[in-house]
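# Examining the three-dimensional arrangement
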Amino acid sequence: MAEEKKEDQDVPVAPVSLLSTSGNRKRKAEHHAGAAEALRLAVGTDKKYDSITRHRTEVERAVIDREEQAEEIIESLPKDSSAVPRVELYLPDILRDTVFVGHLVTDLDSVAGAIGAAELYGGIPALASEVNSETAFALEKFGVEKPRTIEDILKENPEVDICLVDHQQTSQMNPLISPDRIVGVIDHHALQSKTIVTDKPIYIDIRPWGSMSTIIAHTFITHGRRPAKHIAGMLLCAILSDTLNLLGPTTTDWDRLMVAVLAEIAGVDDIQLLASQQFKAKSRELAHLSAVALVNGDQKSFSFDASGFKGEVGFAVVETTDDDIIMDRASELLPEMVACKKEKGYDCLFLAVVNIVKLHSKLLICGPKELALAQDAFGGDLTNDYTVMDLGKRVSRKKDYIPVLTRTIKNGWTKPSGVHRGPSQVELSELGHLEVDPVDPYGNVKRTGSVLQGKKGISFSLKEGEKAGDAEESNEDAPTID
């Protein structure tokens, strides 16, 4: 039975070099390059087991592709930044002893960016509001003390200078911050309404990158500074968060490069594992995650090459202590699954919702082909117009889901001739596009302009008691979008 040997392999992303690189430079035989070295131990660029191939995730591919450039950058950095006092000449003196603080409804990029900026410029990090579960995970993971609140700091010193990070709009500022005390802004968002207005010139660093922490990491490197391990780890987690593991629409090559560099400095050998752990931590606050984030957050793809079926299968997992919160959003998730399946060229895409307390899971089914395969592989009870299957005590993608699908396909499963394409027959151009929601305080990525949005749901017109493969190929029985 083909089985994925490691559930969530975390691999650092390798980027485009900041320095002049030699394409012919000989790579060291013994070199620790984050997860890149571990990945090279596998066969080729993907993990192959018998008739199934588990494809590398975006972060894994990014690390492997940019390993050499990341290594050159890291080797150019001094082991001890204090030994290079000349870099002080290039850092703005106005930010020294400044308090770096992010936005209200603070997120990981806002907190990690403040911590990194304070270390880089010689200031104090602060919180604009309480941290979320994802940020708490990163702080604990890398042994970083949670910053003090801006309220406490201003109470001690009302005249302290402030540098805003990850925002520049007054509507996102902590209300205790006076615009007169703002001396700097480091951000990656557009200048829109309610942007701060100051009476004097201030330091501004705004770049169109996927994460504010990418800017801080880049500044460390271009100034010849090596961030400490715990700082690198925080910045790494923030970039993965803000770019949806480098899959988000705002991701740039600078984000990919910094992920590769930071993963090495932070000693992260399995970046996919880190990304998955971080997503699970974020999932504790599922109400704040968009359908795009839930479908793509912990998703892996597998290639099958069997006698009856050759194709790509995507399998996403959401772990939660309350699966009702997710299942109540099925009308959002199913259209997004269809869009994701279409965009990534999958033949099938599944989403398992796992209750980690009850050790019970349900499978979201977004099309007739998925329904046919799930019935043959798992055979669970179907509800919600055949879009939800009860998987019982199966809770592991590594042990319970992929091996069963693999065995079913290897044993000769083929797509039944009577199964229609369903909602995935929608043209790619009709599925809209992804964008950061400008009014969402959590900065979620959402899909806009899709013909599947606003529908009541997706249903498959299969008759009660009838196997998926026995459906007649007619307009009457074709899957519809209600």
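None of these values were measured; they are calculated from a predicted model.

## Considerations on the sheet that holds strand β5 (residues 148-149)
Spatial ordering of the open sheet is given by β5-β4-β3-β6-β7-β8, a layout of six strands whose pairing is parallel. Strand pairing shows two members of the sheet lacking a second neighbour, β5 and β8 (203-206), which therefore form its edges. Sheet topology places strand β4 (residues 124-127) next to β5; two bridges connect them, and they run parallel. When the bridges of β5 are listed, A126 appears paired with R148. Contacts from helix α4 (residues 108-121) reach β3 (99-101), β4, β6 (162-165), β7 (182-187) and β8 within the one sheet, and its direction differs from that of β4 by about 165°. Strands in contact with helix α7 (residues 212-222) are β6, β7 and β8; relative to β7, the strand with the most contacts, it is inclined by about 100°.

## Quick notes on the environment of P416
Note that P416 resides in the loop between α15 (397-410) and β15 (431-436). Since its relative accessible area comes to 17%, P416 is described here as buried. Here the alpha-carbon distance between P416 and A372, two residues 44 residues apart in the chain, equals 7.3 Å.

## Some details on unusual backbone geometry
A positive phi angle is found at N384, which is not glycine, with a value near 55°. Summarising the element assignment, N384 is placed in the loop between β13 (382-383) and β14 (388-392). Phi is positive for D385, close to 55°, though the residue is something other than glycine. Mapping D385 onto the fold places it in the loop between β13 and β14.

## Considerations on the packing of aromatic side chains
Summed over the entire model, instances satisfying the criterion amount to eight aromatic pairs. Between Y121 and Y203, the aromatic rings sit 6.3 Å apart at their centres with planes inclined by 65°, giving edge-to-face as the arrangement. Pair noted here: Y121 is in helix α4 and Y203 is in strand β8, with a separation of 82 residues, a long-range link. Assessed through its relative accessible area of 6%, Y121 is described here as buried. When the centroid spacing of 5.6 Å and the interplanar angle of 70° are considered together, the rings of F309 and W413 count as edge-to-face. Of the two residues, F309 is situated in the loop between β9 (299-305) and β10 (310-320) and W413 in the loop between α15 and β15; the sequence distance between them amounts to 104 residues. Pair check on accessibility: F309 and W413 agree, each one buried.

## Focus: the confidence of the model for the protein
When pLDDT is averaged across the protein, the result is 80; 77% of the residues are at 70 or more. Note on residues 1-35: pLDDT is under 50 here. Beyond four places in sequence and across chains, it has 154 contacts. With pLDDT under 50 throughout, residues 456-482 is counted as low confidence; its partners more than four residues away or in other chains account for 64 contacts.

## Concerning helix α9 (residues 253-265)
Here α9 spans 19 Å end to end across 13 residues, near enough to the 18 Å set by a 1.5 Å rise per residue. The element α9 is extensively covered by neighbouring structure, given that 11 of its 13 residues are classed as buried. Here α9 has its buried residues at D255, R256, L257, M258, V259, A260, V261, L262, A263, E264 and I265. The secondary structure elements touched by the buried residues of α9 are α2 (58-65), α3 (67-76), α7, α8 (229-242) and α10 (271-282).

## Concerning the environment of K410
By the secondary structure assignment, K410 is in helix α15. In this structure the C-alpha to C-alpha distance between K410 and G308, which are 102 residues apart in sequence, comes to 7.9 Å.

## A look at the packing of helix α14 (residues 368-377) against α15
Closest axis-to-axis distance for the α14/α15 pair is 9 Å, and the angle between their directions is 95°. Overall, the two elements α14 and α15 adopt an arrangement that is roughly perpendicular. Residue-level contacts link L373, D376 and A377 of α14 to V404, L405, T408 and I409 of α15. A class-by-class count of the residues in the contact of α14 with α15 yields five nonpolar, one polar and one charged.

## Digging into the side chain of Q168
Locating Q168 in the fold gives a position in the loop between β6 and β7. Accessibility expressed as a relative area gives 3% for Q168, which makes it buried. For Q168, the side chain forms a polar contact with the side chain of T195, separated by 3.3 Å. Among residues more than four places away in sequence, those in contact with Q168 are V185, D187, H189, A190, L191, K194, T195, I196 and I206.

The rules we used
- Residues numbered from 1 in each chain as written.
- Predicted model: local features only at pLDDT ≥ 70, side-chain atom pairs only at ≥ 80, totals over all residues.
- Heavy atoms only, no water.
- Pairing = 2+ DSSP bridges.
- Helix = DSSP H or I, 4+ residues; strand = E, 2+ residues; numbered from the N terminus.
- Contact = heavy atoms within 4.5 Å.
- Axes fitted to C-alpha atoms, helices over the stretch in contact; angles between N-to-C directions.
- Buried < 20%, exposed > 50% of the residue type's maximum accessible area, 1.4 Å probe, protein only.
- Phe/Tyr/Trp six-rings, centres within 6.5 Å; stacked < 30°, edge-to-face > 60°.
- pLDDT = per-residue confidence, 0-100.
- Expected span 1.5 Å × (residues − 1).
- Parallel < 35°, antiparallel > 145°, perpendicular 65-115°, else oblique.
- Nonpolar A, V, L, I, M, F, W, Y, C, P; charged D, E, K, R; others polar.
- Polar contact = N/O pair within 3.5 Å; in protein donor to acceptor, adjacent residues only side chain to side chain.

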